Amino acid sequence: MLQTVEQSHLKPLHYAPPPTPPTSNTGSTSNTPNTSYTSSSLNSAKAAEMSITDHHHILIVTGPAGCGKSTIAKYLADRYGFDYIEGDEFHPKANIDKMAAGIPLNDEDRWDWLILLRDQALVALKDGAKGVVVTCSALKKKYRDVIRTARLYNEDPNANVHFVYLRADKETLLARVRARQGHYMKDAMVESQFAALEEPDEAECKQLKDVEIVDVKGTLQEVQDLATVAVDKVLVGTSRQ
Ligand SMILES: Nc1ncnc2c1ncn2[C@@H]1O[C@H](COP(=O)(O)OP(=O)(O)O)[C@@H](O)[C@H]1O
Ligand SMILES: O=C(O)[C@H](O)[C@@H](O)[C@H](O)[C@H](O)COP(=O)(O)O
């Protein structure tokens, strides 16, 4: 049984105050408090007591096009006061042109991009971020393994890499990509993304213990809450190590 976060797992939290958000962000999200945070079904007073541990967190929000990576990653970065790195902004132009032309990327196209994202996350931590949230489809296990090597390259023994995999069925992805305006990734690419996708399986989840699976079929508010539960679990878990 995979560790999918379900709505029923929402529990009140009892933590210490959150960190002061960093003064500069790597990505484009603002440092202003997220209003959906206060309206969240999680009790906002409890959320405000949340403690970010001494660990430095690299949260990789993964999944195929349209699953909600950017939306959820911005929310998480705001909520926890972490830096935000939008993975799509780090593709070379050749990759963007390829995807915009409806041609799926291959392994060769992705290696340097994955390494760049890993290194950008490490730079953000080195520059003083308490944590960083990165969007990266990371469709295959070997891609996640590239990001996992961040642990080897980090001088900080408190650095943690965790994946938040946003799980969606193809119909949900197609509907969301079709409704999204002005993005180079069109719905025809959803098929190839799904074909390439290697979901984190039981072996990967149990052995590496660095993947949280969040079902994204629900409303944005529901998905934000599920993602919050998943990340709270990660943060609390590492605080006990
Ligand atoms: N839970 C949700 N319910 C409805 N629409 C959503 C939800 N999450 C994201 N969206 C919308 O779906 C589209 C794809 O989301 P996005 O964050 O761009 O995905 P990704 O970065 O994974 O491609 C966007 O238009 C976004 O507003
Ligand atoms: O917002 C999106 O539609 C996705 O994020 C999309 O842009 C894509 O998933 C990758 O950035 C491309 O790389 P992959 O082919 O490796 O998913």
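Structural data are supplied above this passage.
Residues numbered from 1 in each chain as written. Chains lettered and ligands numbered in written order. Predicted model: local features only at pLDDT ≥ 70, side-chain atom pairs only at ≥ 80, totals over all residues. Heavy atoms only, no water.

Describing the site of ligand 1
Lining the immediate environment of ligand 1, one finds 14 residues, of which Gly66, Lys69, Ser70, Thr71 and Arg180 sit closest. For ligand 1, an oxygen atom lies 3.1 Å from a polar atom in the backbone of Gly68. In the environment of ligand 1, a nitrogen atom lies 3.1 Å from a nitrogen or oxygen atom belonging to the backbone of Gly218. Its atoms largely coinciding with the cavity grid, ligand 1 occupies the largest pocket. Counting residues per element, the ones that place at least two in the shell around ligand 1 are helix H3 (69-80) and helix H11 (220-239). For the shell around ligand 1, the element with the highest residue contribution is H3, accounting for 3 residues. (Near = heavy atom within 4 Å. Polar contact = N/O pair within 3.5 Å; in protein donor to acceptor, adjacent residues only side chain to side chain. 1 Å grid on protein atoms, 1.4 Å probe; cavity = no way out; pocket = protein on both sides within 12 Å on 5 of 7 lines; lining within 4 Å. Sits in = over half its atoms within 2 Å of the grid points. Helix = DSSP H or I, 4+ residues; strand = E, 2+ residues; numbered from the N terminus.)

With respect to the site of ligand 2
By nearness alone, 15 residues border ligand 2, and Asp88, Arg110, Ser137, Arg180 and Gln193 come closest of all. The contact in question runs from an oxygen atom of ligand 2 to an N or O atom on the side chain of Asp88, over 2.4 Å. One of the side-chain N or O atoms of His91 is found 2.9 Å from an oxygen atom in ligand 2. When isolated, ligand 2 has an accessible area of 400 Å², and the protein chains bury 97% of it. The site holding ligand 2 turns out to be the largest pocket. Its residues assigned to classes, the shell around ligand 2 comprises 7 nonpolar, 4 polar and 4 charged. (Areas by Shrake-Rupley, 256 points an atom, 1.4 Å probe, with all protein chains shown as cover. Nonpolar A, V, L, I, M, F, W, Y, C, P; charged D, E, K, R; others polar.)

What about helix H8 (residues 170-179)?
All of the buried residues along H8 are Thr172, Leu173, Leu174 and Val177. In this structure, the buried side of H8 is in contact with helix H9 (188-196). (Buried < 20%, exposed > 50% of the residue type's maximum accessible area, 1.4 Å probe, protein only. Contact = heavy atoms within 4.5 Å.)

Side note on the nonpolar core
Ranked by internal contacts, the top residues of the largest apolar core, which has 33 residues, are Leu76, Val133, Leu166, Val214 and Val231. When contributions to this core are tallied by element, the ones reaching two or more residues are strand E2 (56-62), H3, strand E5 (159-167), H8, H9 and H11. Not counting the four nearest positions on each side in its chain, Val133 is found in contact with Leu59, Val61, Ala73, Leu76, Ala77, Phe82, Asp83, Tyr84 and Ile85. (Core = buried A, V, L, I, M, F, W, Y, C linked by side-chain atoms within 4.5 Å.)

Overview of the layout of surface pockets
By volume, the largest pocket amounts to about 510 Å³. As for the largest pocket, its lining consists of 35 residues, of which Ala65, Gly66, Cys67, Lys69 and Arg180 are closest to the centre. At the level of elements, H3, helix H5 (107-126), H8, H9 and H11 are the ones that each hand at least two residues to the lining of the largest pocket. Its residues assigned to classes, the lining of the largest pocket shows 17 nonpolar, 12 polar and 6 charged. (Points joined across faces, edges and corners; volume = space filled by probe spheres on them.)

Observations regarding the pattern of salt bridges
A complete count under the given rule lists 18 salt bridges for this structure. Close ionic contact of Glu204 with Arg148 constitutes a salt bridge, the shortest N to O distance being 2.9 Å. Note that Glu204 is positioned in helix H10 (residues 202-208) and Arg148 in helix H6 (residues 141-148), a separation of 56 residues in sequence. When sorted by exposure, Glu204 lands in the same class as Arg148, which is buried. Two residues, Asp187 and Arg178, come together in a salt bridge whose shortest N-O distance is 2.6 Å. (Salt bridge = Lys/Arg side-chain N within 4 Å of Asp/Glu carboxyl O.)

Some thoughts on the side chain of Thr62
With respect to the helices and strands, the residue Thr62 is situated in strand E2. When near neighbours in sequence (up to four residues on either side) are disregarded, Thr62 contacts Cys67, Lys69, Cys136, Ser137, Ala138, Phe163, Val164, Tyr165 and Leu166.

Points about the packing of aromatic side chains
Throughout the structure, instances matching the rule amount to 2 aromatic pairs. Here the aromatic rings of Tyr80 and Phe82 are separated by 5.8 Å at their centres, their planes lie at 35°, and the arrangement is tilted. The exposure class of Tyr80 is buried, given its relative accessible area of 2%. Since its relative accessible area comes to 0%, Phe82 is described here as buried. Judged by centre distance (5.5 Å) and plane angle (80°), the ring pair of Trp111 and Tyr143 falls under edge-to-face. Separated by 32 residues along the polypeptide, Trp111 in helix H5 and Tyr143 in helix H6 bring together distant segments of the chain. What makes Tyr143 buried here is its relative accessible area of 1%. (Phe/Tyr/Trp six-rings, centres within 6.5 Å; stacked < 30°, edge-to-face > 60°.)

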